[in-house]
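# Architecture and fold: a report
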Amino acid sequence: MDGVAHPRLRREPVQRRSAERLARILDACAGLLDETGYEALSTRAVAARAGVPIGSVYRFSGDERALADALAARNLDRFARRVADRTATLPPGEWRGLLDAVLDEYPAMRRTVPGFSLVDFGHRMPVGGRPAGTGHALAGRLLPVVAARLGRPADAALRRTVLVAVEAADTVLRLAFRVDGSGDPAVVAETRELLRGHLSRTLGG
């Protein structure tokens, strides 16, 4: 598994075999979300797709929403690791490369990761809704990365700056995928310029 705690799961997997089974369950959930949408999702269908007994699904999760929450937590963990990998060799103080990594990885995951368009980092039910706390969850993962890169404390001012950037990116990138199902490149480019302007005034450099 990805080493992330999954919210609302009845129990976290401890042994490798259990972790692999949970991974199959979440993979099945993601695939079904793309095929049938959240409204038709059921724990029975997830169990059948994953090739596990229905009791295995209930061992980890009591309902479909908890599965979607766990999938979102896995997405967030994978996104954070992918951004970290892309920015590992950036020089200290270089925040533009971090911004580029974030804005490249989100559309890439939206295009390629099953179920991501519906849940990304937090369930969006009803479909298209904005779940409370999703922006805060992503900003919370990015804040220490930004603080370390800039060599400054992760104080309230920096937290606000990162949260505003995350929320703005979320809104405009969703527009990019409404304009073009693959993510309109021109809108993504506008998002990049918008955030560079905002962050250059608040972060400097």
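In what follows, the structure referred to is the one given above.
The structure contained in this document is the topic of the report that follows. Model, not experiment: these values are computed from the prediction. (Residues numbered from 1 in each chain as written. Predicted model: local features only at pLDDT ≥ 70, side-chain atom pairs only at ≥ 80, totals over all residues. Heavy atoms only, no water.)

## Re the overall build of the protein chain
For the protein chain, the count of helices and strands is nine helices and zero strands. Start at the N end of the protein chain and walk to the C end: the helices and strands fall as α-α-α-α-α-α-α-α-α. Within the protein chain, buried positions represent 50% of all 205 residues. Of the roughly 10,000 Å² of accessible surface on the protein chain, a fraction of 54% belongs to carbon and sulfur atoms. (Helix = DSSP H or I, 4+ residues; strand = E, 2+ residues; numbered from the N terminus. Buried < 20%, exposed > 50% of the residue type's maximum accessible area, 1.4 Å probe, protein only. Areas by Shrake-Rupley, 256 points an atom, 1.4 Å probe, with all protein chains shown as cover.)

## Digging into helix H1 (residues 16-36)
Between the first and last C-alpha of H1 there are 30 Å, a value that for 21 residues agrees with the 30 Å anticipated at 1.5 Å per step. Listed in full, the buried residues belonging to H1 are Ser18, Ala19, Leu22, Ala23, Ile25, Leu26, Ala28, Cys29, Ala30, Gly31, Leu32 and Leu33. Packed against the buried residues of H1 are helix H2 (43-50), helix H3 (54-60), helix H4 (64-87) and helix H6 (116-119). (Expected span 1.5 Å × (residues − 1). Contact = heavy atoms within 4.5 Å.)

## Details of H2
An α-helical turn contains 3.6 residues, so a residue and the one three or four places further along point in the same direction. Buried residues of H2: Thr43, Val46, Ala47 and Ala50, and no others. The arc that holds the buried residues of H2, viewed along the axis, is 100 degrees, so those residues lie on one side. Exposed side chains of H2 directed beyond 90 degrees from the buried face belong to Arg44 and Ala48. On its buried side, H2 packs onto H1, H3 and H4. Trailing H2 by a residue or two, Gly51 shows a phi angle of about 70 degrees, which is positive. (Arc of directions from axis to C-beta.)

## Focus: the environment of Pro114
Locating Pro114 in the fold gives a position in the loop between helix H5 (96-112) and H6. Take Pro114: its relative accessible area is 40%, and that puts it in the partly exposed class. The sequence separation of Pro114 and Asp27 amounts to 87 residues, and the corresponding C-alpha distance is 7.8 Å.

## Here's the deal with the side chain of Arg149
On the secondary structure map, Arg149 appears in helix H7 (residues 134-150). An unpaired buried charge is present at Arg149: no salt bridge exists, and Glu94, the closest side chain of opposite charge, is 7.3 Å distant. Not counting the four nearest positions on each side in its chain, Arg149 is found in contact with Thr87, Leu90, Pro91, Pro92, Gly93, Glu94, Trp95 and Leu98. (Lys, Arg positive; Asp, Glu negative; His and termini not counted. Salt bridge = Lys/Arg side-chain N within 4 Å of Asp/Glu carboxyl O.)

## Observations regarding the packing of aromatic side chains
Across all of its chains, the model carries four aromatic pairs by this definition. Measuring from ring centre to ring centre gives 5.1 Å for Phe79 and Phe121, while their planes differ by 55 degrees; the resulting arrangement is tilted. Placement of the pair is Phe79 in helix H4 and Phe121 in the loop between H6 and H7, with a sequence separation of 42 residues. For Phe121, a relative accessible area of 9% corresponds to the buried category. What links up through ring pairs into an aromatic cluster is the set Phe79, Tyr106, Phe116 and Phe121. A cation over a ring is seen here: Arg110 above Phe177, with NZ or CZ 4.5 Å from the ring centre. (Phe/Tyr/Trp six-rings, centres within 6.5 Å; stacked < 30°, edge-to-face > 60°. Lys NZ or Arg CZ within 6 Å of the ring centre and 35° of its normal.)

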